[in-house]
Amino acid sequence: MRNFLFVFFVLISVLSFSQKKENPKIEAKQKIDSYLKQAIETNQIPGLAVGVVKDGKIIFEAYYGKENLEGNNPVNQNSLFRIYSTSKLISTVGVFQLVEKGKLSLDDKISKYLDNLPKEWQQVKIKNLLTHSSGLPDIIRFNDISVNTTDREKIERLSKEKIVFEAGNQFSYNQTNYCLLTMIIEKISGETFEDYIFNNQFPDANGKILFSSNSAENIPNRVQRNVYDLKNKRYENTLSVNDGFRAHSGNGVAITLQAFLDWSIRLDNNAFINPETKKSMWEPFNFTNKKKLFGYGWDIIKLDNHNSFGFSGGNVSAYRNFPDSKMSIIVLSNGYKFLPVQDQIINHVAGLVDKNFIDEHSLSDEFILSEFLKTDNQNAEKKYNAIKKKNPQWNFENTLNLIGYILLKSDRLNDAIKVFELNLKENPNSANAYDSLGEGYFITGKYDISKKHYLKSLELNPNNDNAKEMLSKIEKQTTN
């Protein structure tokens, strides 16, 4: 298996840092650079910036590609990447700064700070907003709430909707939570949200961070996100979306890599909050249904049995902190060909920097994806089987299913069918594997075979509504 990983990712040398090298730090930089260049090529990433902090120092900082497709400006130290929902980490630190100063408690009800709340919202607490366990209606689902709607009008409109679930019961990602946190921060601090963040986390930013949730706004050096059209095989300009300035806490930060790295170092050095407060911020929240591992505004990701803390945004940015290794990694990009790779890149780079974070399963998963998605992929199944032979306990059902659907969207129908068939062979009792293969055959017009697989999927999972719907479609196609 490692021979394959070496061919694609130049990984074999990562598993044991060579003692023959004169400078291990230079060796690590070279390995990261080689991997990133391969990842850029594989995923056709237009522009990328990656930074790594270790033991309080920047050990890697690199820029690749162009800021925007239509121009020739290279990604550089002045490039402002919009980090979308990764912005929430900065907002969360702002909340905990207030907690540490005794101006706010996680157990405070939001009604303590916000007026005219509906009765059904009275039990929601600050901690429920941070952990996305509020159960409040999600503001982005309602098109009649414009960017110019006042805070009071927002609450009045949302109060007409039903509470989705009891506060604390479960995780449900929700932009209303950070919209309300913005109002609370401003109420307590007496400042605008933007000024509060600048004054308490970026006092010397000097244009290296700004707030804008308007994708159409013309901002020098701001990197625009691009979307790849798999069928037309090209990048398309993204739709101009304006979420308004009240969305800044949730998705509005645009920041340079250097400013983000500096922020990370200051977080590690306890310049924002003390170690005890930071520890409480990263504690897992106790959801009633016990189905999600999530901290207070921070996602908790296990990598080779080590906890890391971070978030990703817009499928193009991610930040991750590895306290066990005193390491943090930042990935900022502006597009991808097949699927978001920001977390994949972080996992991989973490293993390159610290071998304690090498996760063989994660690396193999990445390798399998890349091999099957190659245009010339006739050896992909052979390489997959070699990995499985060495690690028979590993399951790649979700990975193969994902590959199949990417191939379908790319109009590589025969390749998609082959992958779905392999997945079914590997997982003969999976209702989902039968369902996916049924869809592949349906798209290719082989309705009889498609029907057979949907019936089997329904047999294994009688609650598969998609199979029921598809069988109805097949019936209409074959009777017309």
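Small disclaimer: the values here were computed from a predicted structure and weren't measured.

## Section: the layout of surface pockets
No. 1: When its volume is computed, the largest pocket comes out at roughly 760 Å³.
No. 2: Of all elements in the fold, only α6 (175–189) and α8 (248–251) reach the threshold of two or more residues within the lining of the largest pocket.
No. 3: When grouped by side-chain class, the residues that make up the lining of the largest pocket number 12 nonpolar, 13 polar and 5 charged.

## Some points on the packing of aromatic side chains
No. 1: Enumeration according to the criterion identifies 22 aromatic pairs in this entry.
No. 2: Considering the side-chain rings of Phe-285 and Tyr-296, the 5.7 Å spacing of their centres and the 90° angle between planes classify their relative orientation as edge-to-face. Placement of the pair is Phe-285 in the loop between α10 (275–281) and β9 (299–303) and Tyr-296 in the loop between α10 and β9, with a sequence separation of 11 residues. For the residue pair Phe-285 and Tyr-296, the accessibility class agrees, reading buried in each case.
No. 3: Summarising the aromatic geometry, the rings of Phe-322 and Phe-357 are spaced 5.0 Å apart at their centres and angled 75° between planes, so their arrangement reads as edge-to-face. Separated by 35 residues along the polypeptide, Phe-322 in strand β11 (residues 317–322) and Phe-357 in the loop between α11 (342–353) and α12 (360–373) bring together distant segments of the chain. We note that Phe-322, like Phe-357, is buried.
No. 4: By way of ring pairs, the aromatic residues Phe-171, Tyr-173, Phe-285, Phe-287, Phe-294, Tyr-296 and Phe-311 are connected into one cluster.
No. 5: Over the face of the ring belonging to Tyr-84 we find Arg-225, whose NZ or CZ atom lies 4.3 Å from the ring centre.
No. 6: Positioned over the ring face of Phe-171 is Lys-292, at 4.9 Å from the centre of the ring.

## Brief notes about the pairing of β9
No. 1: Relative to strand β10 (residues 306–313), β9 is paired through 5 bridges, and the arrangement is antiparallel. What sits directly across from Ile-301, in β10, is Ser-308.
No. 2: Here β9 hands over to β10 after 2 residues, with Asp-304 in that stretch at a positive phi of 50°.

## Some remarks on the nonpolar core
No. 1: Core analysis: the biggest nonpolar cluster contains 67 residues, and Ile-110, Ile-126, Leu-130, Leu-180, Trp-263 and Trp-298 have the highest contact counts within it.
No. 2: With sequence-adjacent residues up to four places away left out, Trp-263 is seen in contact with Leu-89, Ile-90, Val-93, Gln-201, Phe-202, Phe-272, Trp-298 and Tyr-319.
No. 3: The next biggest cluster of nonpolar side chains, apart from the first, holds 30 residues, and it includes Leu-373, Phe-396, Leu-400 and Ala-416.

So, how was this worked out
- Residues numbered from 1 in each chain as written.
- Predicted model: local features only at pLDDT ≥ 70, side-chain atom pairs only at ≥ 80, totals over all residues.
- Heavy atoms only, no water.
- 1 Å grid on protein atoms, 1.4 Å probe; cavity = no way out; pocket = protein on both sides within 12 Å on 5 of 7 lines; lining within 4 Å.
- Points joined across faces, edges and corners; volume = space filled by probe spheres on them.
- Helix = DSSP H or I, 4+ residues; strand = E, 2+ residues; numbered from the N terminus.
- Nonpolar A, V, L, I, M, F, W, Y, C, P; charged D, E, K, R; others polar.
- Phe/Tyr/Trp six-rings, centres within 6.5 Å; stacked < 30°, edge-to-face > 60°.
- Buried < 20%, exposed > 50% of the residue type's maximum accessible area, 1.4 Å probe, protein only.
- Lys NZ or Arg CZ within 6 Å of the ring centre and 35° of its normal.
- Pairing = 2+ DSSP bridges.
- Core = buried A, V, L, I, M, F, W, Y, C linked by side-chain atoms within 4.5 Å.
- Contact = heavy atoms within 4.5 Å.

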